[in-house]
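Descriptive analysis of the structure
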Amino acid sequence: MPLKFITSQRGALMLLYNGYLYTNKSVNKSNITWRCVEYRKRLCSVVIYTTSDKRTGEIIGDSPVHNHAADVAHVEARKVKEKLKKKASKVCENNGVMISKVLSKVPSPVVQLPTIKSLTRIVQRQKTDWAKKTDKAVVVNPKTLQDLVIPNMYRMTNDEELFLLYDSEGGVDRFLVYATAKNLELLAECELWYCDGTFNLVPLIFKQLYIIHGLYHDKLLPLVYILAPNKSQLYVSLSSF
Ligand SMILES: [Zn+2]
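Residues numbered from 1 in each chain as written. Predicted model: local features only at pLDDT ≥ 70, side-chain atom pairs only at ≥ 80, totals over all residues.

Brief notes about the sheet that holds strand S8 (residues 176–178)
Each strand in a sheet pairs with its neighbour through backbone hydrogen bonds, running either in the same direction (parallel) or in the opposite one (antiparallel). Rules: Note on pairing: DSSP must find at least two bridges between two strands before they are called paired. Secondary structure elements follow DSSP: runs of H or I of four or more residues count as helices, runs of E of two or more count as strands, with numbering from the N terminus. What counts as an axis is a line fitted to C-alpha atoms, over the stretch in contact for a helix, and the angles between N-to-C directions run from 0 to 180 degrees. Here, residue contact means that the backbone-derived C-beta atoms of the two residues sit within 7 Å.
With antiparallel pairing, the five strands of this open sheet are ordered in space as S7-S8-S11-S10-S9. Two strands bound the open sheet, and with one partner strand each, they are strand S7 (164–167) and strand S9 (193–198). The average undirected angle you get between the axes of adjacent strands in this sheet is 20°. Examined bridge by bridge, strand S10 (residues 208–216) and strand S11 (residues 219–228) share nine bridges and lie antiparallel to one another. Along S11, the bridge assignment pairs Gly214 with Leu221. Here helix H4 (residues 181–189) sits on the sheet and contacts S9, S10 and S11; the angle it forms with S11, its principal contact strand, is near 120°.

Right, dumping it as structure tokens:
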């Protein structure tokens, strides 16, 4: 029988059974003892036993009787946090988009959901931890272009295709070119290209986001993105690229 678990904020495994949460109390050769998470707060003395702390295992014994109702909203809120943490470690996605996708799957009404602000903090912390683990040299919010180290997760698309096509590296005139191989193939098929720079929506250490669009079947597709250190040097840099 599949057992369901939730990971606590401290990383401990919690068993989810019939809407109640249990923490690991003890382990012996033949079974694992779990006690209700409310054992302190509500003096609930329910313990259950399982044959395993893996995804499959058996609950041993009868269905327990708690001295309190199952807190579905609390469990759902925990599930949301756990889902976000997992996603933040795997998927390159804007924090807001990630949060709204996870929240859209929450059965309503869940009253105990954390605020968007605290969910954003959870996602950001997880992303930073993950980046630190996978790439020790990562500087969080670098002050200069030289300090910028790009972790692997920001070099690839969600489908694990290479997205950071070119990094000029080096000093103050560093620039980055983002496009997938598929995007370049599409661009090569387009007879008309539109190039435009924007100065407002760029990370602080860059001054310009330059986008090359291709007109493909009457649709204007953004296919190449260039983060540039300033406006004037972009033309020089690109011509040497
Ligand atoms: Zn209980």
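Picking up after the structure, the text goes on.
Some details on the sheet that holds strand S4 (residues 32–36)
Spatially, the six strands line up as an open sheet ordered S1-S2-S3-S4-S5-S6, and their pairing is antiparallel. This sheet does not close on itself; its edge strands, each paired only once, are strand S1 (4–7) and strand S6 (59–60). Where S4 lies against strand S5 (residues 47–50), four bridges are found, and the strand directions are antiparallel. For Arg35, the partnering residue across the bridge sits in S5 and is Val47. Each of S1, strand S2 (13–17) and strand S3 (20–27) touches helix H1 (residues 72–90); the most contacted strand, S1, lies at about 70° to it.

Topic: the environment of Lys182
Position of Lys182 relative to the elements: it lies in helix H4. Along the primary structure Lys182 and Glu161 are separated by 21 residues, whereas in three dimensions their C-alpha atoms are 9.4 Å apart.

Considering H1
Note the cut-off: Working rule for helices: expected span equals 1.5 Å times residues minus one. For the exposure call, what matters is how many other C-beta atoms sit within 10 Å of a residue's own: 20 or more marks it buried, 12 or fewer exposed, and in between partly exposed, using C-beta atoms placed from the backbone.
Helix length check: H1, at 19 residues, gives a terminal C-alpha distance of 27 Å against a target of 27 Å (1.5 Å per residue), a fit within 8%. Taken residue by residue, H1 has Val75, Arg78, Val80, Lys81, Leu84, Lys85 and Ala88 as its buried positions.

Things to note about the nonpolar core
Selection rule: Any nonpolar core is a set of buried residues, restricted to Ala, Val, Leu, Ile, Met, Phe, Trp, Tyr and Cys, that join up through C-beta atoms within 7 Å.
Judged by nonpolar contacts, Phe175, Leu176, Val177, Tyr178, Ala179, Tyr210, Ile212, Leu223, Ile226, Leu227 and Ala228 together constitute the single largest core of 11 residues. Broken down by secondary-structure element, the contributors of at least two residues to this core are S8, S10 and S11. The leading source of residues in this core is S11, at four residues. Non-local contacts of Val177, meaning those with residues more than four positions away in its chain, are made with Leu165, Tyr166, Val224 and Ile226.

Focus on the pairing of S9
Of all six residues making up S9, only zero are buried, and the element is barely covered by its neighbours. Of the pairings in the sheet, the one linking S9 to S10 comprises six bridges and is antiparallel in character. Each bridged residue has a counterpart across the sheet, and for Trp193 the counterpart in S10 is Gly214.

Focus on the environment of Pro107
Tracing the sequence through the fold places Pro107 in the loop between helix H2 (95–104) and helix H3 (116–134). With 34 residues separating them in the primary sequence, Pro107 and Ala73 have C-alpha atoms 9.6 Å apart.

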